[in-house]
Amino acid sequence: MEVRVVLPVVRRSLDGLDEAELLRRVGRGDRRAFDALYRRTAPWLTARLRRRCADEDVVAEVLQETYLAVWRSAGSQAQSAGSGSAVGWLWTIAAHRLIDAFRHRARRERIPSVQTYETVAPAAEEEALAAGLDANLERALQALPAELRQVLRAMVLDGLTVRETSLLLGMPEGTVKTRARRARIALREALS
């Protein structure tokens, strides 16, 4: 009679491993090691991110992107063991993701909002006066240098502010103000 001995499956606890070893295991595709690394480092990483950003949505997004990057590139980091600590590497990823989020937000805030106005038909008197002025004004506008005409159209015809014009044309606000002033003086002289 043959006796078979069945030993219980012993699962080695990941709690005793340091972050560098967890990272090496994550690099080999070990999901349990990733979970352990996440549970161990996410609270600390969240606290550090919150000290630098008060927006909870941004913090959550950065945290998610950070751990996604860890999952994708842990293998390359684990192979270069002499490049620093695993926690330092994790913070570097999070810091870069946070900077990217700040840059993205800044670009979104720089886009000028376009105001819409209700279209109103001009009065007959205004059309008659405008017909006489239009030809003179058109000639005066065409006589302006292109850079002055461009600023004047953005500010007067499009109704943009100096800041919005600056963003639209990609020039400093001071340059926009100077060109707008020069354009108005030239138009005033041409129309008088």
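None of the values given here were measured: they were computed from a predicted structure.

### Thoughts on the overall build of the chain
A count of helices and strands for the chain gives eight helices and zero strands. Listing every helix and strand of the chain by position from the N terminus yields α-α-α-α-α-α-α-α. Burial statistics for the chain: of 192 residues in total, 28% are counted as buried. Relative to all contacts within the chain whose residues are 6 or more apart in sequence, the contacts with residues 24 or more apart total 55%. Taken as a whole, the chain presents about 13,600 Å² of accessible surface, with 53% of it coming from carbon and sulfur.

### Section: the packing of aromatic side chains
The final tally for this structure, using the stated rule, is three aromatic pairs. Judged by centre distance (5.3 Å) and plane angle (75°), the rings of F34 and W71 are edge-to-face. Separated by 37 residues along the polypeptide, F34 in helix 2 (residues 31-52) and W71 in helix 3 (residues 56-79) bring together distant segments of the chain. With a relative accessible area of 17%, F34 lands in the buried category. Positioned over the ring face of W91 is R48, at 4.1 Å from the centre of the ring.

### Side note on the nonpolar core
With 29 residues, the main nonpolar core has L22, L23, L45, L49, Y67 and V70 as its most contacted residues. Secondary structure elements with two or more residues in this core: helix 1 (19-27), helix 2, helix 3 and helix 4 (86-110). In this structure Y67 touches F34, Y38, T41, A42, L45 and L90, once residues within four positions along its chain are discounted. Counting seven residues, the second largest nonpolar core, distinct from the first, contains L144, L148, A183 and L187.

### Some details on helix 4
For helix 4, spanning 25 residues, the distance from its first C-alpha to its last is 37 Å, which sits close to the expected 36 Å at 1.5 Å a residue. When we look at burial in helix 4, the residues that qualify are A86, W89, L90, W91, I93, A94, L98 and A101.

### Here we look at the packing of helix 1 against helix 4
Here helix 1 crosses helix 4 at 65°, and the two axes come no closer than 8 Å. Considering the angle they form, helix 1 stands roughly perpendicular to helix 4. Contact residues: E19, A20 and L23 in helix 1; A86, V87 and W89 in helix 4. When the residues that make up the contact of helix 1 with helix 4 are grouped by side-chain class, the tally is five nonpolar, no polar and one charged.

### As for the environment of Q150
Tracing the backbone shows Q150 in helix 6 (residues 146-157). In this structure Q150 comes out as partly exposed when scored by relative accessible area, which is 41%. Separated by 15 residues in the primary sequence, Q150 and T165 place their C-alpha atoms 9.6 Å from one another.

### Things to note about the pattern of salt bridges
With the rule as written, the count across this model stands at seven salt bridges. With a closest N to O distance of 3.1 Å, E21 and R24 form a salt bridge. Of this pair, E21 and R24 both sit in helix 1, three residues apart, which is roughly one turn of that helix. Taking relative accessible area as the criterion, E21 reaches 18% and is therefore assigned buried. What emerges from the salt-bridge pattern is a single network uniting E21, R24, R25 and R28.

### Examining the side chain of T66
For T66, the position within the fold is in helix 3. Relative accessible area serves as the criterion here: at 0%, T66 is assigned to the buried category. When near neighbours in sequence (up to four residues on either side) are disregarded, T66 contacts L45, L90, I93, A94 and R97.

Reading the values: rules and limits
- Residues numbered from 1 in each chain as written.
- Predicted model: local features only at pLDDT ≥ 70, side-chain atom pairs only at ≥ 80, totals over all residues.
- Heavy atoms only, no water.
- Helix = DSSP H or I, 4+ residues; strand = E, 2+ residues; numbered from the N terminus.
- Buried < 20%, exposed > 50% of the residue type's maximum accessible area, 1.4 Å probe, protein only.
- Contact = heavy atoms within 4.5 Å.
- Areas by Shrake-Rupley, 256 points an atom, 1.4 Å probe, with all protein chains shown as cover.
- Phe/Tyr/Trp six-rings, centres within 6.5 Å; stacked < 30°, edge-to-face > 60°.
- Lys NZ or Arg CZ within 6 Å of the ring centre and 35° of its normal.
- Core = buried A, V, L, I, M, F, W, Y, C linked by side-chain atoms within 4.5 Å.
- Expected span 1.5 Å × (residues − 1).
- Axes fitted to C-alpha atoms, helices over the stretch in contact; angles between N-to-C directions.
- Parallel < 35°, antiparallel > 145°, perpendicular 65-115°, else oblique.
- Nonpolar A, V, L, I, M, F, W, Y, C, P; charged D, E, K, R; others polar.
- Salt bridge = Lys/Arg side-chain N within 4 Å of Asp/Glu carboxyl O.

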